[in-house]
Amino acid sequence: MARTIAKDHEAKREAILKTAAVFFAKQGFDRASMGKLADACGVSKALIYHYYPSKDALLFDILDTHLTALVEVVETTASQPGTASERLRALVRAILIAYRDSDAEHKVQLDALSSLPEDNQIHLRALQRRLVACMSESVREIEPERFVSRPELLAPVTMSVFGMLNWFYLWYKPGGPVDRDAYADIVADLVIGGLPAVCAGEAAS
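What counts and how
Position labels on residues start from 1 in each chain and follow its written sequence. Note on the predicted model: pLDDT of at least 70 is required for a residue's local features to be given, and 80 or more for side-chain atom pairs to be given and counted; whole-chain, interface and lining totals, by contrast, use all residues. Calculated side-chain values reflect all of the structure's heavy atoms, with hydrogen atoms and water omitted. Secondary structure elements are defined from DSSP: runs of H or I of at least 4 residues count as helices, runs of E of at least 2 residues count as strands, and each element is numbered from the N terminus. Relative accessibility under 20% of the residue-type maximum defines a buried residue, over 50% an exposed one, and the middle range a partly exposed one, all with a 1.4 Å probe and only protein chains included. Residue contacts are defined here by distance: any two heavy atoms, one from each residue, within 4.5 Å place the two residues in contact. Only the protein chains shown count as cover for residues, with accessible areas throughout obtained via the Shrake-Rupley method and a probe of 1.4 Å. Residues scored as positive are Lys and Arg, those scored as negative are Asp and Glu, and His as well as the terminal groups of each chain are ignored. All charge positions are set by atom: Lys at NZ, Arg at CZ, Asp at CG, Glu at CD. Side-chain rings of Phe, Tyr and Trp (the six-membered ring for Trp) are treated as a pair once their centres are within 6.5 Å; stacked means planes under 30 degrees apart, edge-to-face means over 60, and tilted covers the remaining angles. By definition here, charges over rings are those cases where NZ of Lys or CZ of Arg is within 6 Å of the ring centre and within 35 degrees of the ring normal. Helix span is expected to be 1.5 Å times the residue number reduced by one. Here an angle of 0 to 180 degrees is reported between the N-to-C directions of two axes, which are lines fitted to C-alpha atoms, with helices fitted over the stretch in contact. Oblique is the label for any angle not covered by the other classes, which are roughly parallel (under 35 degrees), roughly antiparallel (over 145) and roughly perpendicular (65 to 115). If you view the pair so one helix is near and one far, a crossing is left-handed when the near helix is turned anticlockwise from the far one by less than a right angle, and right-handed when it is turned clockwise. Nonpolar residues are Ala, Val, Leu, Ile, Met, Phe, Trp, Tyr, Cys and Pro. Charged residues are Asp, Glu, Lys and Arg, and all others, Gly as well, are polar.

**Student:** Just checking my understanding: could you explain the overall build of the protein for this structure?
**Tutor:** Across its full length, the protein holds 11 helices and zero strands. N-terminal to C-terminal, the α/β element order of the protein is α-α-α-α-α-α-α-α-α-α-α. When its C-alpha atoms are laid out on the principal axes, the protein stretches across 65 × 40 × 35 Å. The buried share of the protein, taken over its 205 residues, is 40%. Contacts spanning at least 24 positions in sequence make up 71% of the contacts within the protein whose residues lie at least 6 apart. When the accessible surface of the protein is split by element, carbon and sulfur atoms take 57% of a total near 11,300 Å². Here the protein contributes 23 positive and 27 negative side-chain charges, whose respective centroids are spaced 6 Å apart.

Given below as structure tokens:
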């Protein structure tokens, strides 16, 4: 007879994922032990292994869950109607909001993705490329004619936008003078206002 899944199975898995993300972010994935993680989760190590056969499997689920949710938010936002500027602003804001309460997952993504087996990395990097593609298209639509003549600038500008967003968690303090909405406008204004100057520069020799 097939073994039934406990009603709280998914809730326990999500709790382990969240605690593990914070634990890996603080301890460093390579240095973190499953035994100490179990202590942090308030469960037995055997229960951790009931859900995940290895530390790599746990890390993969953290990153896959985080990036899949982020891709859904970004692609949904990018498909909404509006002017190019409105869509860029909405996309930047959506990413910053999606990052809320996910600082640990984001840090683990930046620090530990390369620790995973190659097949796991291929899957996760494909999700990352979908995020980049949405942002790249949104940036391109701000100055489509200029990017026709300067196509080599689209990738560095796109990654510069992600640079502004991805490191937000390092300096942001809740209750400070700039909240997520305000910072989203700052980033969007820098991109929208700065693109004409960037694209008008002379092509690299």
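What follows picks up the thread again.
**Student:** Can you help me understand the packing of aromatic side chains in this one?
**Tutor:** Between two aromatic rings, the relevant description is the distance of the centres plus the angle of the planes. Inspection of every chain in the model, using the stated rule, returns seven aromatic pairs. Centroid distance F168 to Y183: 4.9 Å. Interplanar angle 20°. Geometry classified as stacked. One end of the pair, F168, is in helix α10 (residues 168-171); the other, Y183, is in helix α11 (residues 180-200), and 15 residues separate them in sequence. In this structure F168 comes out as buried when scored by relative accessible area, which is 2%. For the ring pair W171 and Y183, a centre distance of 5.1 Å and an interplane angle of 75° mean the geometry is edge-to-face. Here W171, found in helix α10, pairs with Y183, found in helix α11; they are 12 residues apart in sequence, far enough to count as distant. Judged by its relative accessible area of 9%, Y183 falls in the buried class. Three or more aromatic residues joined by ring pairs form one cluster here, namely F168, W171, Y172 and Y183. We note K55 situated over the ring of F29; from NZ or CZ to the ring centre the distance is 4.6 Å.

**Student:** Sorry, what's going on with helix α5 (residues 84-99) here?
**Tutor:** At 3.6 residues per turn, the α-helix brings residues three or four places apart onto the same side. The terminal C-alpha atoms of α5, which comprises 16 residues, lie 23 Å apart, in line with the 22 Å expected from a rise of 1.5 Å per residue. Residues A84, R87, L88, L91, V92, A94, I95, L96 and Y99 constitute the buried set of α5. Buried residues in α5 make contact with α4 (55-78), α6 (103-112), α7 (118-142), α9 (154-166), α10 and α11. Immediately beyond the C-terminal end of α5, within one or two residues, lies D101, with a positive phi of roughly 65°.

**Student:** How do you make sense of the packing of α9 against α11 when you look at a structure like this?
**Tutor:** Angle between the axes and distance between the axes: these two values describe a pair of packed helices. At a minimum axis separation of 11 Å, α9 and α11 run at an interaxial angle of 155°. Of the possible angle classes, the one that applies to α9 and α11 is roughly antiparallel. Between α9 and α11 the crossing geometry is right-handed. Contacts between α9 and α11 involve V157, V161, M164 and L165 on the former and, on the latter, Y183, V187, L190, V191, L195 and V198. Among the residues forming the contact of α9 with α11, the class breakdown is 10 nonpolar, no polar and no charged.

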